[in-house]
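Listed below, chain by chain, are the residues.
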Amino acid sequence: MNVPTDRLLLMLVAATGFAVVAGGWAAALVHAEATGSEELVLRVIIGAVFFAVLLGFWTLLSSTDDQTA
C-alpha cells in the first residue's frame, strides 16, 4: 500500500461505511430527541468523533505502510 491513492480509496470506503452506520444512527437520535442549541452541540460532537475515527483509520493505514516498507 505504498501508493497514496490506495490509502485514499480505503479511507473513502471506511468513511462511507462509518458515516452510514454510526453517523446516521447518532444523527437520527439527535434529530428525534434534541432541540435548539442542544441539537447543534450534539451534531458538532458527532462530527468531531467522526473525524477522530477517520484520523485513527488514517494513522493505522500509515503505520501499516511503515511496517511493510
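Above: the structure in question.
Conventions used here
Along every chain, residues carry numbers that run from 1 in the direction the sequence is written. In keeping with the model being predicted, local features are shown solely for residues with a pLDDT of at least 70 and side-chain atom pairs are shown and tallied solely at 80 or more, while totals for entire chains, interfaces and linings include all residues. For the side-chain quantities, the full set of heavy atoms in the structure was used; hydrogens and water were omitted. Throughout, nonpolar core names a set of buried Ala, Val, Leu, Ile, Met, Phe, Trp, Tyr and Cys residues whose side chains join them through atoms within 4.5 Å. Think of it in three bands: with a 1.4 Å probe and only protein chains considered, a residue is buried below 20% of the maximum accessible area for its type, exposed above 50%, and partly exposed in between. Segments assigned H or I by DSSP are reported as helices when at least four residues long, segments assigned E as strands when at least two residues long, and all are numbered from the N terminus. Here, a salt bridge means any side-chain nitrogen of Lys or Arg that lies within 4 Å of a carboxyl oxygen of Asp or Glu.

**A word on the nonpolar core**
Met 11, Ala 15, Phe 50, Leu 54 and Leu 61 together form the largest nonpolar core, which totals five residues. Tallying contributions element by element places helix H2 (residues 36-68) first for this core, with three residues.

**Structural notes on the pattern of salt bridges**
Side chains bearing opposite charge may pair, as long as their charged atoms lie close to each other. Evaluation of the coordinates by the stated rule reveals one salt bridge. Between Arg 43 and Glu 39 there is a salt bridge whose closest N-O contact spans 3.1 Å. You can see Arg 43 and its partner Glu 39 sitting in helix H2, four residues apart, about one turn around the helix. A relative accessible area of 37% means that Arg 43 is categorised as partly exposed. On the basis of relative accessible area, Glu 39 is assigned to the buried category, the value being 18%.

From the geometry alone we can't say anything about function, so treat these as descriptive.
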